[in-house]
Amino acid sequence: MLCLFCGKDWLTADTEFFLVDGATGVQWGMAPIVSSVVPEELLEALPQKCSEGLMLAMASDDDGAVMVIQWCNKAFCSIMGYTCEEAIGQRGTILIGADTEQGTHLLIIDRLMKWERFTITTPTNRKNGDRIRVQMNWTPLSDSKSGNRWWLGSLIEVEEAQPLAQTASSDGAAASPMLIEHYTREVLRLKSENKRLHELARTVARESNEDPLTGLSNRRHFEEKLKAWLGGLRKGGTDFAILYVDLDRFKAINDSLGHDAGDRLLVSVSEVLRSVTDQGDLIARIGGDEFIVLKPLGDSALSISSLADDIVRELGKPFKFEGKTISSSASVGVAIADAKMKNPDQVVADADKALYQAKKQGRGRWSFFTAQMHEEAIATKQLAAELLVACDRQEFVPFFQPLINAETGQIASAEVLVRWEHPSRGLLVPDAFLGVAETMGIVNRIDEIVFARLRETLAHIDAEGVPLPRVAINVSAGRLEDTNFIHDIRKSGICPSRLTVEILESVYLEQMGDRIRWALDELHELGVTVAVDDFGTGHASVQGLLKIKPSVLKIDRQFLQPVVECKTARDLLQSIVDIGKSLNTRVVAEGVETEAHARIARDMGCDYLQGYYFGRPMDVDALSEVLLETGGLFWQRAEDPVALARRAM
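The text that follows walks through the structure, step by step, so that each part is easy to find. Note that the coordinates shown come from a computational prediction; the quantities given were computed from them, not determined experimentally.

**Description of helix H7 (residues 250-257)**
Residue pairs spaced three or four apart in an α-helix point in one direction, given the helix's 3.6 residues per turn.
Step number 1: Buried within H7 are the following residues: Phe-250, Ile-253 and Asn-254. For H7, the buried positions fall inside an angular range of 95° around the axis, keeping them on one side. Exposed positions of H7 whose direction lies more than 90 degrees from the buried face are Lys-251 and Ser-256.
Step number 2: Turning to H7, the residues buried within the fold contact strand S9 (240-247), helix H8 (259-276) and strand S13 (324-326).
Step number 3: Downstream of H7 by a residue or two, Gly-258 has a phi angle that is positive, lying close to 100°.

Right under this line is the structure:
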């Protein structure tokens, strides 16, 4: 903005004026202008008396086209139709109206981004929408103290019929034909760039709705469409089905063959889903190996069941990767959303419950959501609430089942089995609640309660002078992966040399993680005995046993049950015992229910025996009573009155 008196650009900040070089935008000095000729009051009044609209905006360091108005004079407010209070704090875009041509707008942005001083004449609009034509003068400024960058803008309202030759100039003079040609080319370039940006915006919008790997809809697009379908349903629209698809062995394939194989499988799944669905269906990959199909119901639900059959069948076929044939399968949960439902929004959750049921039934199949599943879901929620209360009330207690030395008949240990003293349902076994507790992540709280009771039990038994050399606790894979588990063992107050940790065979597969390996190493270092429970029921190998290095191997009861009558079963049991012996582990035969079971297992080389023949799980009072009565002797090679009397209890 040119000062009428000195010909230099100026700006105001509070009540101080600073001289600024008009060509470079660099300040000459920071002191207020002091003149012995012009009164200071007149200098301060100049901006408000000036007929040109003046505006001062602070700009972004990164983008000169982004600015916020900090000051303006009365003429600016008069031209643009804003009050001073309304204008201050607004973006500089209030100078660009609906009547401003797009090419001109882009030209202004281009000049602002380059921090160039320029003048341009353009149509724009006042606050009330009235069309006006203004000449804008833009001058870049800077503050050497704060480093802030500013724009000084001036506006002059001009006639609509102003000649084209005056629409753009760098010094306020009429533009030459060469300059007009230059700006014409620039406008055309910016229009081309604008077209490219629009195309890019469409591409970004499309990609924001697509899964980049498979090209299917992503979770965001699926949720938008689901919301629209549900909205249509409430207005009397078409019922629809959700098919929730989950691959059964994806993690194993990803871990063993690498992410390239996993990605290829996901692409293959997307191709299958496209091939078996109709054009009006929506297919989405909502994350990992999970896919969802939205399908209008049509006249019959048979089309839905047929689609589920097709998905399971096609995804159950092997696929090839780098010359290898890889087996895979998928499970599908199906739920219907119809206008009669109390809460159609729950349809995805319903399909997820059906998917869980399909996996529970063996995988590689599909399941329809039923009212029974809904009831089970409600029961699970109720159980979860009751479990939290049970933790607060410490309603969990330890029960004990004896483990007997096969040679001496003396008690060698007792397996600790948690029970829930439910206030209305009575004594509950782990199968009734432990799965929900694991899902809730509160198994550690239950362990803490049981450990405290166990510590009290061992102190009581020791005080009674009855023999109980050690106790064994069962640990799930999830609990073993919990980094707090070792800490809980340490703070339990139970002597590590008196404790056995029994882990299921499924825990120590070759793919067991670093956390489990670390936990096992810590247990060995503490002096805790590690036992493998239910051996023979999973997929473990001898190599897996070598990695875990257990001290005790517990053979699952199903191998002992038929040995009395079946020679093949006896041979199989002997082979398993021999494996344990070759690994230098002590072997436990589970499921001893008769004298014959006990003798056969002992004669095959089992070191310990456990089963109902020696006692069912019992509370601490019953255990103490049996130990006091028998002195810890639970079995003799020949029947005697004491043993018979004890087993008759």
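Resuming the write-up.
**Describing the sheet that holds strand S10 (residues 282-287)**
Step number 1: Pairing is mixed across the open sheet formed by 5 strands, whose spatial order is S10-S11-S9-S14-S15. Because the sheet does not close on itself, it has two edges, and the strands there are S10 and strand S15 (366-368). With direction set aside, neighbouring strand axes in the sheet form an average angle of 20°.
Step number 2: Inspection of the sheet shows strand S14 (residues 330-337) paired to S15 by 3 bridges, in the parallel sense. Its bridge partner lying in S15, Val-334 is registered against Phe-368.

**With respect to a negative patch on the surface**
Step number 1: Taken together, the side chains of Glu-421, Asp-619, Asp-621, Glu-625 and Glu-629 define an acidic patch exposed on the protein surface.
Step number 2: It is helix H20 (residues 620-630) that contributes the most residues to the negative patch, 3 residues altogether.
Step number 3: Position of Asp-619 relative to the elements: it lies in the loop between strand S24 (608-610) and H20.
Step number 4: The exposure class assigned to Asp-619 is partly exposed, which follows from its relative accessible area of 32%.

**Some details on the pairing of S10**
Step number 1: Within S10, 5 of the 6 residues are buried, which leaves it mostly tucked inside the rest of the structure.
Step number 2: As paired elements, S10 and strand S11 (residues 290-296) share 5 bridges and run antiparallel to each other. Opposite Gly-287, over in S11, you have Glu-290 as the bridge partner.
Step number 3: Count of turn residues in the S10/S11 antiparallel hairpin: 2 residues, of which Gly-288 carries a positive phi of about 55°.

**Quick notes on the packing of H7 against H8**
Step number 1: Orientation of H7 relative to H8, taken along the N-to-C sense of each, is 140°, at an axis distance of 6 Å. On the basis of their axis angle, the class for H7 and H8 is oblique. Contact residues: Phe-250, Ile-253, Asn-254 and Leu-257 in H7; His-259, Ala-261, Gly-262, Leu-265 and Leu-266 in H8.
Step number 2: For the contact of H7 with H8, the per-class residue count stands at 6 nonpolar, 3 polar and no charged.

**Side note on unusual backbone geometry**
Step number 1: The backbone phi angle of Trp-115 is positive, close to 55°, even though this residue is not glycine.
Step number 2: Here Trp-115 lies in the loop between helix H4 (102-113) and strand S5 (118-125).

Reading guide: rules and limits
- Residues numbered from 1 in each chain as written.
- Predicted model: local features only at pLDDT ≥ 70, side-chain atom pairs only at ≥ 80, totals over all residues.
- Heavy atoms only, no water.
- Buried < 20%, exposed > 50% of the residue type's maximum accessible area, 1.4 Å probe, protein only.
- Helix = DSSP H or I, 4+ residues; strand = E, 2+ residues; numbered from the N terminus.
- Arc of directions from axis to C-beta.
- Contact = heavy atoms within 4.5 Å.
- Pairing = 2+ DSSP bridges.
- Axes fitted to C-alpha atoms, helices over the stretch in contact; angles between N-to-C directions.
- Patch = residues over 30% accessible without salt bridge, like charges linked within 9 Å, V, L, I, M, F, W, Y side chains within 5 Å.
- Areas by Shrake-Rupley, 256 points an atom, 1.4 Å probe, with all protein chains shown as cover.
- Salt bridge = Lys/Arg side-chain N within 4 Å of Asp/Glu carboxyl O.
- Lys, Arg positive; Asp, Glu negative; His and termini not counted.
- Charge placed at Lys NZ, Arg CZ, Asp CG, Glu CD.
- Parallel < 35°, antiparallel > 145°, perpendicular 65-115°, else oblique.
- Nonpolar A, V, L, I, M, F, W, Y, C, P; charged D, E, K, R; others polar.

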